[in-house]
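Each chain, letter by letter, is given below.
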Amino acid sequence: MNAFEKPQIIAHIQKSLNYTVFDCKWVPCSAKFVTLGNYARGTGVIQLYEIQHGDATLLREIEKAKPFKCGTFGAASLQQRYLATGDFDGNLSIWNLEAPLMPVYSVKGHKEIINTIDGVGGLGIGEGAPEIVTGSRDGTVKVWDPRQKDTPVANMEPVQGESKRDCWTVAFGNAYNQEERVVCAGYDNGDVKLFDLKKMSLRWETNIKNGVCSVEFDRKDINMNKLIATSLEGKFHVFDMRTQHPTKGFASVSEKAHKSTVWQVRHLPQNREIFMTAGGAGGLHLWKYEYPVQRSKKDSEGVEMGVAGSVSLLQNVTLSTQPISSLDWSPDKRGLCVCSAFDQTVRVLIVTKLNKV
Amino acid sequence: MTSASKAVELQLQMKHNAEELQDFVKDLESWEKDIKQMDLELRNQNGVSGENLFPVRNKNFKKKKKNKTKVPSEKTTEENKKNRIKSYDYEAWGKLDVDTILEELDKEDSTHDSVSAESESEEDGIHIDSQKALAEKEKGNKYFKQGKYDEAIDCYTKGMAADPYNPVLPTNRASKPLKTVIIEEIGNLVQNIDLPATNTISVLETNCINPTNVTKASAIISKKNSSQDDVLPTSDTPRAKVSKIEEIPDTPQSTVHQSFSMKNSTEIEKISVPFITTVLPPIPANSFQLESDFRKLKNSPDMLYQYLKQIEPSLYPKLFQKSLEPDVFNQILKILHDFYIDKEKPSLILEILQRLSELKRFDMAVMFMSESEKKVTCALFNHMEKSGLKDNSVEELKKRYSS
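Residues numbered from 1 in each chain as written. Chains lettered and ligands numbered in written order. Predicted model: local features only at pLDDT ≥ 70, side-chain atom pairs only at ≥ 80, totals over all residues. Heavy atoms only, no water.

Caption draft 1: Highlighting the overall build of chain B. Of the regular secondary structure elements, chain B holds 21 helices and zero strands. The buried share of chain B, taken over its 403 residues, is 30%. In the structure as shown, chain B presents an accessible area of about 26,800 Å², 54% of it carried by carbon and sulfur atoms. (Helix = DSSP H or I, 4+ residues; strand = E, 2+ residues; numbered from the N terminus. Buried < 20%, exposed > 50% of the residue type's maximum accessible area, 1.4 Å probe, protein only. Areas by Shrake-Rupley, 256 points an atom, 1.4 Å probe, with all protein chains shown as cover.)

Written as structure tokens, this is what we have:
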């Protein structure tokens, strides 16, 4: 492919912030996005921006006692679009951004910081009940239903006696009917665990040798298809989740993407073969996954096993000297994307030619 | 390809890319408009559809799970799987003897009957243990007879937790507080009227074994009250009373108040006040108390005057806080008019008026003043002006009171 036929990644809007930003998310069905972070004075902040003619205007700022680490709209209805957040104190709260004085739902979910959060069942994405999953430094992964107070609907923690690992990332998947649902969790020691919420059991686990910074299914609402896990030392692994071999598990391909930590991976919602990774040196890489000719084959004993495809780099760009902490594609506009970096900046990016690759 | 043609191609591509970007931005603008419209429509839809279509996960297991350790039951499920016959294992299913399994199940049922009943009630969130409840009741009764009410209450509470359907326990538990609360209350009262409290309580305790004797108890207390009055020599001046009030320990501004009331009592001595048997209430702690005291003293204006006098004007903001009731306000003005003009220095009246005007809902209280009350304030200001108090601050104050 000619260098000029590749998609371009252009920083459309840059906004400097006066706090450390950890997460940013598009508000579904709108031109708005939220940023979450912490002020130097130790308080938490949520800001709501709207894109208006090439500029991002601050609509609302919410300051709370504890710094916010992560947020999701995944379990909210399209009408309400409540933001679920995890904070440094282990609280899971759900906010109505229109009336943010008191949280709509709040629970002290974990003993330590909530590193990561994901939601499913809202926004018309994923069948079944609205659920939120949180992963914390206290080693537990808990699934919450906003309709049930105080207690999680599922709690995954290490067996007594086993050391507790810092959970860095969680993701929902496989929510293609009302019963089926899985949670994938990545830990600081490189463990990737797949919990089956229907059977309430561990379905699969592997170790990618380095801390798992981000995991994401290509889609939450289909029979699980692909899973990407990124790691601390710059690699990412793409697992083909269609075929599980009894001993070998899922087939995967790995790629050295960045020279530094891959902080985040996000699939393009309009085309899940394309995904973006965000790096510790401020770089963004746009990738494409190609399926193999046959996605499964029989091993020597005649048991089905998966075959991994290949990945190719479409484009890369360096935006910042600091790590890019979060990245989110607009679910409504192809090629629109927001990312936050530790240089206290949030950027709205445009990626062109995505319909041509 | 020559370098020249390469350069041309490069330029072309760059132009192409720029156009593409421009298109995107233009497209973005129109998308912005559309999506904002959609956003607005969504926000105006309040109905939450399908909220309760799906059950909450593991709702039925919640209580059982709490009792267990919260470790994920990976191992147990694996064990279960081993014992289970796979659905496609037709041979094993063929060998399965259903009758013996049913028999075994029946046996298990009968042996674990009591256990299963217990676990069933546990699922409802209520656990009944009537044996324990009865034992606790007996224990509580024993304590009750010995007069150890706190221990008795503990026992009844435990019993209630064990069997919430037993009606005796709550009744027993309630009977204690009624008795002791009355005694404690009376004890407080007795302390206030400065009687040997222990004596009274012992009398009361013997008299009110059961709660129906409340009336008896109050009769006793009123008797004590009157005997208190008998004890006081009739020749005694109000001074004795005032000094007694000072002794009440729970007035926070005791030092301020002491000096003030000392001055009071000397003045009272000078102006021989008719002796009234009702006791002068202590300095009120809040406006509600003040209001009720005012109501009590309604029929004895002299007492009202003395009562108001013992309240330092500087305490008004603390006393009234946000609730200066027009009634109270007007009553104060009336007292000022009826007594202070004759008996007090104009400067004190001025101070009180000043303090009142600084209160939060003062303006509203002024708005509610009737004609006669306005005359009262007029008279007050006239009095002050006559006695030589006339400067800008008084004028200002007058304006505020007449607005």
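Caption draft 2: Region of interest: helix α20 (residues 371–386) of chain B. All names here are of chain B. The terminal C-alpha atoms of α20 lie 22 Å apart, and with 16 residues this matches the ideal 22 Å at 1.5 Å per residue to within 8%. All of the buried residues along α20 are Val376, Thr377, Leu380, Phe381, His383 and Met384. Down the axis of α20, the buried side of the element spans an arc of 155°, and every buried residue falls inside it. Within α20, the exposed residues directed more than 90 degrees away from the buried face are Glu371, Lys375 and Lys386. The secondary structure elements touched by the buried residues of α20 are α17 (326–343), α18 (346–357) and α21 (392–402). (Expected span 1.5 Å × (residues − 1). Arc of directions from axis to C-beta. Contact = heavy atoms within 4.5 Å.)

Caption draft 3: Quick peek at the sheet that holds strand β20 (residues 235–245) of chain A. Residue and element names in this part refer to chain A. Across the sheet, four strands lie side by side as β18-β19-β20-β21; this open sheet has antiparallel pairing. The open sheet is flanked by β18 (212–217) and β21 (249–256), the only strands paired with a single partner. Averaged over neighbouring strand pairs, the angle between their axes works out to 20° when direction is ignored. Summarising the sheet, strand β19 (residues 226–231) and β20 pair through five bridges and their orientation is antiparallel. Paired with Lys226 across the strands is Asp240, a residue of β20. (Pairing = 2+ DSSP bridges. Axes fitted to C-alpha atoms, helices over the stretch in contact; angles between N-to-C directions.)

Caption draft 4: Molecular detail of the side chain of Asp328 of chain A. Residue and element names in this part refer to chain A. With respect to the helices and strands, the residue Asp328 is situated in strand β28 (residues 324–329). No salt bridge is formed by the buried Asp328; the nearest opposite charge belongs to Arg266, separated by 4.7 Å. At 2.8 Å, the side chain of Asp328 forms a polar contact with the backbone nitrogen of Trp26. Discounting residues that sit within four places of it in the chain, Asp328 has contacts with Cys24, Lys25, Trp26, Leu336, Cys337 and Val338. (Lys, Arg positive; Asp, Glu negative; His and termini not counted. Salt bridge = Lys/Arg side-chain N within 4 Å of Asp/Glu carboxyl O. Polar contact = N/O pair within 3.5 Å; in protein donor to acceptor, adjacent residues only side chain to side chain.)

Caption draft 5: Focus on the sheet that holds strand β13 (residues 154–156) of chain A. Residue and element names in this part refer to chain A. If you trace the four strands from one edge of the open sheet to the other, you get β10-β11-β12-β13, paired in antiparallel fashion. One side of each edge strand has no neighbouring strand; the edge strands of this open sheet are β10 (114–120) and β13. With strand direction ignored, the average angle separating the axes of adjacent strands in the sheet is 15°. Taken together, the four bridges between strand β11 (residues 131–136) and strand β12 (residues 141–144) define a ladder with antiparallel strand orientation. In the sheet register, Thr134 faces β12, and the bridge partner there is Lys142.

Caption draft 6: Spotlight on the environment of Met367 of chain B. Within the secondary structure layout, Met367 of chain B lies in helix α19 (residues 362–367). For the pair formed by Met367 of chain B and Tyr401 of chain B, sequence separation is 34 residues and the distance between their alpha carbons is 9.2 Å.

Caption draft 7: Structural context of the environment of Ala171 of chain A. The residue Ala171 of chain A is located in strand β14 (residues 167–173) in this model. Residues Ala171 of chain A and Val133 of chain A lie 38 residues apart in sequence; the distance between their C-alpha atoms is 7.6 Å.

Caption draft 8: Focus on the packing of α17 of chain B against α20 of chain B. Residue and element names in this part refer to chain B. The N-to-C vectors of α17 and α20 enclose an angle of 40°; their axes lie 10 Å apart at closest approach. Looking at the two axes, α17 sits oblique to α20. Read as a crossing pair, α17 and α20 show a hand that is left-handed. For the pair α17 and α20, contact is made by Asn330, Leu333, Lys334, Leu336, His337 and Ile341 and by Glu373, Val376, Thr377, Ala379, Leu380 and His383, respectively. Class assignment of the residues belonging to the contact of α17 with α20 gives a composition of six nonpolar, four polar and two charged. (Parallel < 35°, antiparallel > 145°, perpendicular 65-115°, else oblique. Left-handed = near helix turned anticlockwise from the far one by under 90°. Nonpolar A, V, L, I, M, F, W, Y, C, P; charged D, E, K, R; others polar.)

Interpretation note: all reported values are geometric properties and have no functional meaning in isolation.
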